[in-house]
Amino acid sequence: MRGFNMATRVSPRIQAALSATARPTSFVSASALKLSQQLRCASGASSGDLKKTPLYDFHAANGGKMVPFAGYSLPVQYESLTITKSHKFTRSNASLFDVSHMVQHIFKGPDAAAFLEKITPSDWKNQGLMQSKLTTFLWPGTGGIVDDSVVTRLGEDEYYVVTNGACLDKDVKYFDEELGKFGGNLEWTVLEKSGLVALQGPQAAEVLNEVLATDINLNELYFGNAAYVELKLPDGSKTHPILISRGGYTGEDGFELSFNGKLYPAFETTTPAIEALLAKAGPERLQLAGLGARDSLRLEAGMCLYGHDLDDTTTPVEAGLSWIIPPARRQAGGFHGAEVIIPQLTPKSKGGAGVSRRRVGFLVEGAPAREGVEIEKDGEKVGVLTSGVPSPSLGKNIAMGYVRDGLQKVGTEVDLLVRGKKRKGIVTKMPFLPAKYHKAPTA
């Protein structure tokens, strides 16, 4: 696979802070992650070739059990806690997750919103400043999902985009090709050598507030809002400005903290900030957590993992993400795959194209059912599971997958073929646990 500099066409409109050290990616089975976690690692490189996040040395010094993931060496868990205990600690207190393998981008210029509206089904011209939302990048013609992303409008013509680390090579090629076709007046920058840390859990706001060096009321920074802040360090100094975004991947209240490596030496500044949070909170309120807990937390929250629950052949409608498409875009279209996606929004029963399959959640009886397990109804194959774990919070086995349209009703019973044996699966509502986001009060 080509390195960044080779994979990205250099032109006046694209300013990519890219390196020639990009690694090929492929999926490795979850057995490497222990405890039978169905968390697949995106890494085709040997352990010696893996990239390191700004927190790598910190993980090693604090008992992180490192595994390959998305071309990086990342902790699956820490010696201090099992994956299950880490999961439960996050639900009751707060945890820190290193997500620096995620790729951070800036799209900036008068035509940035128009470009994003071409490649996603979302509305960006009317997006509020310092507000974030989930979207999907789409393939032209098919409406298949290239990657899912959270996008934040930082300024009048500036957008901060976070994409999946395992899709790095594909996404870089996609953006380069789409910018080439689009033209327009905008710049694209990849924030290489940056840090990204998720602070998640019911005590996240309390912990963050205690180290803030910026006068900001976190109680008024709601889910989907963002702000620049500085943090107090133990030696009395302050960090450089950090972008904090309220949200996350666990279903809990929380924040993602971005250390911009394009503007600041993030490899030097990320660790002191994390140490300040841990020191101020103490181990009774804040712990480090790894990939294992992150996977079970996100599945309980009903969230998708790209390459598993979403892929190039799946449209937003099939994936249960129709809500990311606002009314105006449903009417006007103009985005990649609109000719496929818009007709899918209307069910066949109401004269539309509808979809042939739908993403649903399952409660599983008996042994855990993992990704790839076939779903049957009355002896006929009707779908496949895309994720599955034992739920530490529920004490039950849960899973996610796609079933034939018409079988998505809550309470529908199916057979799951687990190691050749049929296990009962019951379609259930997602998320499996109620979300606890800090949302603005309704009028």
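Note that the structure is predicted; figures quoted are calculated from it, not measured.

**Describing the sheet that holds strand β14 (residues 254–259)**
- Here we have six strands laid out as an open sheet, ordered β12-β13-β14-β11-β5-β15, and mixed in their pairing. If you trace the sheet from one side to the other, it starts and ends with β12 (226–229) and β15 (286–289), each paired once. For this sheet, the mean inter-axis angle between neighbouring strands, taken without regard to orientation, is 25°.
- Together, β5 (94–98), β11 (195–200) and β15 form the strand contacts of helix α3 (residues 83–92), whose direction differs from that of β5 by roughly 120°.
- Contacting β5, β11, β14 and β15, helix α7 (residues 266–281) crosses the sheet at an angle of about 150° to β14.

**Some thoughts on the side chain of T135**
- Following the sequence through the fold, T135 ends up in strand β7 (residues 132–138).
- T135 has contacts with T120, P121, S122, W124, D147, D148, S149, V151 and I324, leaving out every residue within four places of it along the chain.

**Some remarks on the pattern of salt bridges**
- According to the stated counting rule, one finds 20 salt bridges in the structure shown.
- Residues K125 and E117 are paired through a salt bridge, measuring 3.9 Å at the closest nitrogen-oxygen approach.
- When its relative accessible area of 10% is taken as the criterion, E117 is described as buried.
- Among the ionic pairs, K238 bridges to E230, the shortest N-O distance being 3.2 Å.
- Exposure remark for E230: the relative accessible area of 21% places this residue in the partly exposed category.
- In the salt-bridge network here, residues are joined through shared partners; they are R91, E252, E300 and K436.

**A short note on the side chain of N260**
- With respect to the helices and strands, N260 occurs in the loop between β14 and α7.
- In terms of polar contacts, N260 uses its side chain to reach the backbone amide nitrogen of L263, at 3.2 Å.
- Dropping the residues within four chain positions of it, N260 is found in contact with L191, S194, H240 and A266.

**Looking at the sheet that holds strand β21 (residues 421–428)**
- Read around the closed barrel, six strands run β16-β19-β18-β17-β20-β21, paired in antiparallel fashion. Pairwise comparison of adjacent strand axes, ignoring direction, gives a mean angle of 40° for this sheet.
- Two strands pair when backbone bridges link them, and strand β20 (residues 413–418) and β21 are joined in this way by six bridges, in the antiparallel orientation. In the strand pairing of β21, L417 is matched with K422.
- Running at roughly 125° to strand β18 (residues 380–391), helix α8 (residues 291–300) makes contact with β18 and β19 (396–404) of the sheet.

**A look at α8**
- Taking burial as the measure, the ten residues of α8 include ten buried ones, the bulk of the element.
- Buried within α8 are the following residues: L291, G292, A293, R294, D295, S296, L297, R298, L299 and E300.
- Looking at the packing, one finds that the buried side of α8 touches β3 (64–69), β4 (72–78), α3, β5, β18 and β19.
- G302 lies just past α8 and shows a positive phi near 75°.

**Some details on the pairing of β19**
- Burial within β19 is extensive, with seven of its nine residues counted as buried.
- The pairing of strand β16 (residues 357–364) with β19 spans eight bridges and is classified as antiparallel. Paired with L363 across the two strands is I398, which belongs to β19.
- Across eight bridges, β18 lies against β19 in antiparallel orientation. Of the residues in β19, the one forming a bridge with V384 is Y402.

**Regarding the pairing of strand β13 (residues 242–246)**
- Most of β13 is tucked away: five of the five residues are buried.
- In β13, alternate side chains face the same way, and those of I242, I244 and R246 on one face and L243 and S245 on the other are all buried.
- Pairing of β12 with β13, which is carried by four bridges, proceeds in the antiparallel orientation. In the sheet register, A226 faces β13, and the bridge partner there is S245.
- One ladder, built from four bridges, connects β13 with β14; its direction is antiparallel. For L243, the partnering residue across the bridge sits in β14 and is S258.

**Section: α7**
- Between its first and last C-alpha atoms α7 spans 22 Å; for 16 residues at 1.5 Å apiece the expected length is 22 Å, and the two agree.
- Within the span of α7, buried status applies to A266, T269, T270, T271, A273, I274, A276, L277 and A281.
- At the C-terminal side of α7, G282 shows a positive phi close to 80°.

**A word on the confidence of the model for the protein**
- Averaged over all residues, the pLDDT of the protein equals 90, while 89% of them reach at least 70.
- The low-confidence segment residues 1–46, where pLDDT is below 50, has 126 contacts with residues more than four positions distant or belonging to other chains.

**Considering unusual backbone geometry**
- Residue M430 is joined to P431 through a cis peptide bond whose omega torsion reads 0°.
- Topologically, P431 is positioned in the segment after β21.
- A positive phi angle is found at M130, which is not glycine, with a value near 60°.
- Tracing the sequence through the fold places M130 in the loop between α4 (112–119) and β7.

Parameters at a glance
- Residues numbered from 1 in each chain as written.
- Predicted model: local features only at pLDDT ≥ 70, side-chain atom pairs only at ≥ 80, totals over all residues.
- Heavy atoms only, no water.
- Pairing = 2+ DSSP bridges.
- Helix = DSSP H or I, 4+ residues; strand = E, 2+ residues; numbered from the N terminus.
- Axes fitted to C-alpha atoms, helices over the stretch in contact; angles between N-to-C directions.
- Contact = heavy atoms within 4.5 Å.
- Salt bridge = Lys/Arg side-chain N within 4 Å of Asp/Glu carboxyl O.
- Buried < 20%, exposed > 50% of the residue type's maximum accessible area, 1.4 Å probe, protein only.
- Polar contact = N/O pair within 3.5 Å; in protein donor to acceptor, adjacent residues only side chain to side chain.
- Expected span 1.5 Å × (residues − 1).
- pLDDT = per-residue confidence, 0-100.

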